[in-house]
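Architecture and fold: a report
Residues per chain, in single letters:
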Amino acid sequence: MELLDFLLSASFWAAAIRIASPLIFATLGQLICERAGVLNLGIEGIMVAGAFDGWMAVYSGTGLWMGVAVGMLFGLLHSTLTAPFGLPQHVVGLGVTLLATSATYLCLSARTA
Amino acid sequence: MLLVPALLKARFGVNEVVTTLLFNFIFLLFISMPLEAPLKDPMDMGWPKSARVLQEARLPRIVDGLRLHWGFGLAILSAVLVWIIQTRSTLGYEMRAVGNNPEAARFAGISVNMVLIKTALLSGGLATLAGFSEVAGLKGSLTLDLFPGFGYTSIIVAMLALLNPIGVIFAALFVAGIFVGADTMSRSANVPTYLADFMLATALLLMVLTIMLTRFRVVRD
């Protein structure tokens, strides 16, 4: 009965929906890539970079869409390396992840230092 | 342990990138389970950390006073062994054939699945050696944070070494130098350590790009 109460409580569903929303965005992005036959392993890092840039954009007074623009730039990098140059997708994906996360952390520590 | 993704790939054609990526989490949690209860060191304030390895079972140090241990010798030995396998054995020839063109290898009478499984066994064994040398040589006990992303770093190292086992030794020394250098810089000059990751990511992307570009030849007519 306790489990049922838990499942029926509003806070459980609120938390589930809250946690699902970034997953929906990430999955949609991955889905588009997979439909085109590209495995996007760079998504983890691009998400971090987008989060930082969204924060940064709002912090400095521009719109939230700057974060999206930066994510698109990283996507452009990933796609240029994989599609026209034909590089191995998983290596490029890991590289983009590492690049995006480390660049973000670098900017963040430069920002807060 | 790497046998499972290899068998899945060989039998059902499951994408090995996805399975191995997800098996990371499975194995980490699987190790964390005994580490939380029966393997936990009772003398160690409740950290998820195993009891120390016996002194007799540990790898000896090369030089007294430094933390450098014979795991390094083991690593060089394995690099030479992998080089011998890759260049001087039938399995190495088959591995390269399957890697370059699986279809052509299959037509040439090579059992692609067997090569996949053998390669996975070799690769898993080498990864285990990495864990062994780190536990028995450096740390002396098992923790979950033994390798801060070394698996992904090793992909960068492999690319920098142009997939040559002997080159791996030098590429690994180079990458390790960048890491140690970044640590020293962050201590003395207050430069964030993420600079090392940033440099390595750039190096990796430029390296794969360069490998691709070197395949082009200038043709004059």
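The structure we're discussing is the one just above.
Residues numbered from 1 in each chain as written. Chains lettered and ligands numbered in written order. Predicted model: local features only at pLDDT ≥ 70, side-chain atom pairs only at ≥ 80, totals over all residues. Heavy atoms only, no water.

Side note on the overall build of chain A
Per the secondary structure count, chain A includes five helices and zero strands. The N-to-C order of helical and strand elements in chain A reads α-α-α-α-α. Relative to its length of 113 residues, chain A is extended, with a C-alpha radius of gyration of 18 Å against a globular reference of 13 Å. Considered along the principal axes of its C-alpha atoms, chain A spans approximately 60 × 40 × 20 Å. Across the 113 residues that make up chain A, the buried fraction comes to 34%. Once local pairs closer than 6 in sequence are excluded, the contacts in chain A between residues at least 24 apart make up 61%. (Helix = DSSP H or I, 4+ residues; strand = E, 2+ residues; numbered from the N terminus. Rg over C-alpha atoms; globule rule 2.2 N^0.38 Å. Buried < 20%, exposed > 50% of the residue type's maximum accessible area, 1.4 Å probe, protein only. Contact = heavy atoms within 4.5 Å.)

A short note on the interface of chain A and chain B
Contacts between the two partners involve 19 residues from chain A, matched on the other side by 19 residues from chain B. At the junction of chain A and chain B, the tally comes to zero salt bridges. At the boundary of chain A and chain B, one finds one residue pair in polar contact (both at pLDDT 80 or more). Sorting the residues of the side of chain A that touches chain B by element identifies helix H4 (65-82) and helix H5 (89-112) of chain A as the ones contributing at least two each. Looking at the side of chain A that touches chain B residue by residue, the class counts come to 15 nonpolar, four polar and no charged. (Salt bridge = Lys/Arg side-chain N within 4 Å of Asp/Glu carboxyl O. Polar contact = N/O pair within 3.5 Å; in protein donor to acceptor, adjacent residues only side chain to side chain. Nonpolar A, V, L, I, M, F, W, Y, C, P; charged D, E, K, R; others polar.)

Observations concerning the side chain of Glu134 of chain B
Residues and elements named next belong to chain B. By the secondary structure assignment, Glu134 is in helix H6 (residues 112-139). Residue Glu134 is classed as buried on the basis of its relative accessible area of 13%. In contact with Glu134, other than residues within four places in its own chain, are Lys139, Gly140, Leu146, Phe147 and Phe150.

What about the packing of aromatic side chains?
Within this structure, the stated rule accounts for five aromatic pairs over all chains. A ring pair is formed by Trp55 of chain A and Tyr59 of chain A, whose centres lie 5.1 Å apart and whose planes are at 25°; its orientation type is stacked. In this pair, Trp55 of chain A and Tyr59 of chain A are both assigned in helix H3 (residues 43-59), four residues apart and thus about one turn of the helix distant. Assessed through its relative accessible area of 52%, Tyr59 of chain A is described here as exposed. Note on Phe23 of chain B and Phe27 of chain B: the rings are 5.2 Å apart at their centroids and 35° apart in plane angle, and the pair reads as tilted. Placement of the pair is Phe23 of chain B and Phe27 of chain B together in helix H2 (residues 16-36), with a separation of four residues, close to one helical turn. Residue Phe27 of chain B is classed as partly exposed on the basis of its relative accessible area of 24%. Connected via pairs of aromatic rings, a cluster forms that spans Phe52, Trp55 and Tyr59 of chain A. (Phe/Tyr/Trp six-rings, centres within 6.5 Å; stacked < 30°, edge-to-face > 60°.)

Points about the side chain of Ser133 of chain B
Residue and element names in this part refer to chain B. As for its position among the elements, Ser133 is in helix H6. What makes Ser133 buried here is its relative accessible area of 12%. Of note is the side chain of Ser133, whose polar atom sits 3.3 Å from the backbone oxygen of Ala130. Setting aside residues up to four positions removed in sequence, Ser133 forms contacts with Leu59, His69, Gly71 and Leu138.

Remarks on helix H3 (residues 71-88) of chain B
Residue and element names in this part refer to chain B. When the terminal C-alpha atoms of H3 are compared, their 25 Å separation across 18 residues agrees well with the 26 Å that a helix rising 1.5 Å per residue should span. Restricting attention to buried positions, one finds in H3 the residues Gly71, Ser78 and Ala79. One side of H3 carries all its buried residues, which in axial view fall inside an arc of 105°. Opposite the buried face of H3, by more than 90 degrees, sit the exposed residues Leu77 and Arg88. Here the buried face of H3 lies against H6 and helix H8 (165-188). (Expected span 1.5 Å × (residues − 1). Arc of directions from axis to C-beta.)

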